[in-house]
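# Structural overview
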Amino acid sequence: MKRIITISLSFFLALSFISCNRQVQRIDTDTTTDISGRWNDTDARITAQELISEAMSQPWLERHVSDTGKKPVVICGLVENKSHEHIEAETFVKELEKAFIKSGRVRVVQGGNMREQIRRERADQQNNSSVETMKKWGLEVGADYMLQGVINSIVDAEGRNKVVYYQIDMELTNMETNELVWIGDKKIKKYIKN
Amino acid sequence: MKKIIAIILGLFLFSFYMTGQEETPNPNAQKSHEKYEKQLDSHEQNMGSTIQNTYEARDPWQEKKDARIDRKEDRRDFRRQLRLERARRPILIPQRRRFFNDPWRQPYPYVW
C-alpha cells in the first residue's frame with residue numbers, strides 16, 4: 001500500500017514539474033541582454049550613461065553660472081523618433097533629468113501632462129484648501145533651456161545578415177536667445193545574424 | 001568741484017555702457033507672441049513626450065519569414081471557417097469520408 005502511495009505521489013510530483021515549462025529568472029538590470037536584436041533596455045541604459053556624462057562635462061553649465069550667477073533651469077521638450085522601431089525616449093530622458101537633479105548643479109522643471117495635473121491641483125486648492133496652505137499662482141520657475149531630441153536609424157539587410165545603426169541626438173537650446181548650447185549624441189551599431 | 005563732475009561723467013558713461021549691453025527687443029515681437037499664444041494647448045500635449053514618426057525598414061529575409069507565418073495562419077483560419085460552415089450547413093458542404101468500410105459510422109450527410 002505504501003509503495004502505491006509513494007509511486008502515485010512521485011508520479012504527480014513529476015507531472016507538476018513537467019507542466020511548469022516557463023522559467024522566470026530575475027537578473028540584474030545592468031546585465032546586457034540581446035534577444036531579438038531590436039532596441040532594448042541595454043541600449044536605453046548606455047544611451048542615458050553617455051548623454052549624462054556628456055551633458056555634465058560640457059562648458060554650457062559653467063558658462064551659465066558665470067553669466068547669471070544662478071543654476072540653469074531645464075525643461076524637457078519633444079523627442080522625435082524617426083527610426084524604424086518604436087522607441088520610447090522617456091527611458092533615457094528621465095535618467096538624464098535624474099542626473100541633473102542628483103548633481104545639484106542643474107534645476108529641472110516639470111512639463112507636459114504632469115504640469116497640467118499640477119496646475120489643476122493648484123486650481124483645486126484655491127477652492128478647497130485652507131488659505132494658509134493653498135499655493136499661489138504665477139510663482140512657477142521659468143526654464144532657461146529646453147531639452148529636445150531626435151532618434152534616427154539606418155538598416156542594411158542582406159539574406160540572414162543585418163546591420164542596424166541608431167543615432168540619438170539630444171540638444172539644449174536657450175529659451176530666450178534660441179542658441180544651441182549643447183548637443184549630445186549616442187551612436188549604436190548592431191550586427192544581427194539570423 | 002572737478003571731482004563731482006568726474007563722478008557724474010563716470011556714472012553717465014557707465015549707464016551708457018550698461019544700456020549698450022542690453023539687446024533691443026524687436027518692435028514686432030508682440031505679433032509673434034500673439035500667434036504662439038493661440039497654440040498653447042497643442043504645445044502642452046507634446047511636451048516631454050516622444051513623437052513616433054517611424055518608417056518600415058526593408059528586410060527581405062524577415063519579410064519572407066513573416067509571409068510564411070501569415071500563409072500558415074491563413075490556412076488555419078480557412079480550415080476553421082470550413083469546419084464552422086460544415087457544422088452550420090451540413091447538407092450543402094459535404095463532409096470528408098473518414099470511415100470507408102463502416103456505413104454506420106459515416107458523417108451526416110452520407111457521401112460516397
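Residues numbered from 1 in each chain as written. Chains lettered and ligands numbered in written order. Predicted model: local features only at pLDDT ≥ 70, side-chain atom pairs only at ≥ 80, totals over all residues.

## Structural notes on the pairing of strand E3 (residues 145-158) of chain A
Residues and elements named next belong to chain A. Basically, it comes down to this: Strand pairing follows a simple DSSP-based rule, namely that at least 2 bridges must link the two strands. Only DSSP runs of H or I with at least four residues qualify as helices, and only runs of E with at least two residues qualify as strands; both kinds are numbered from the N terminus onward.
Inspection of the sheet shows strand E1 (residues 73-81) paired to E3 by 6 bridges, in the parallel sense. When the bridges of E3 are listed, Val74 appears paired with Tyr145. Linking E3 back to strand E4 (residues 161-174) in an antiparallel pair, the connection comprises 2 residues, with Gly159 at a positive phi of about 60°.

## Things to note about the interface of chain B and chain A
Under the convention used in this document: Contact between two residues is assigned whenever their backbone-derived C-beta positions fall within 7 Å. Here the nonpolar group is Ala, Val, Leu, Ile, Met, Phe, Trp, Tyr, Cys and Pro; Asp, Glu, Lys and Arg are the charged ones; every other residue, Gly included, is treated as polar.
Opposite the 17 residues of chain B that make contact, chain A presents 23 residues. Residue assignment for the side of chain B that touches chain A shows that the elements contributing at least two residues are helix H3 (40-46), strand E1 (50-52) and helix H4 (60-88) of chain B. With 3 residues, E1(B) is the largest single contributor of residues to the side of chain B that touches chain A. For the side of chain B that touches chain A, the class distribution of residues is 6 nonpolar, 7 polar and 4 charged. Both E1(A) and E1(B) contribute to a ladder of 3 bridges, which runs parallel.

## Examining the environment of B:Thr50
Counted only if it meets this: Each residue is classified by how many other C-beta atoms fall within 10 Å of its C-beta atom, where C-beta atoms are placed from the backbone; a count of 20 or more means buried, 12 or fewer means exposed, and values in between mean partly exposed.
Turning to its location among the elements, B:Thr50 is positioned in strand E1. Taking the number of C-beta atoms within 10 Å as the measure of exposure, B:Thr50 has 19 and is therefore partly exposed. With residues up to four places along the chain from it excluded, the contact list for B:Thr50 reads A:Val79, A:Asn81, A:Glu88, A:Ala89 and A:Glu90.

## Re the confidence of the model for chain B
Our working rule: The quantity known as pLDDT measures the predictor's confidence residue by residue, on a range of 0 to 100.
Of all residues in chain B, 67% attain a pLDDT of 70 or more, and the chain-wide mean is 78. Both confidence scores are given for the complex: pTM 0.72, ipTM 0.75.

## Quick word on the nonpolar core
Residues and elements named next belong to chain A. Note the following rule: Throughout this description, the term nonpolar core refers to a group of buried Ala, Val, Leu, Ile, Met, Phe, Trp, Tyr and Cys residues whose C-beta atoms join them within 7 Å.
Grouped together as the largest cluster of nonpolar side chains are 27 residues, with contacts concentrated most on Leu51, Val74, Phe92 and Leu96. Elements that contribute at least two residues to this core include exactly helix H2 (41-57), E1, helix H4 (90-103), E3 and E4. Apart from the residues lying within four places of it in its own chain, the contact partners of Phe92 are Ala44, Thr47, Ala48 and Leu51.

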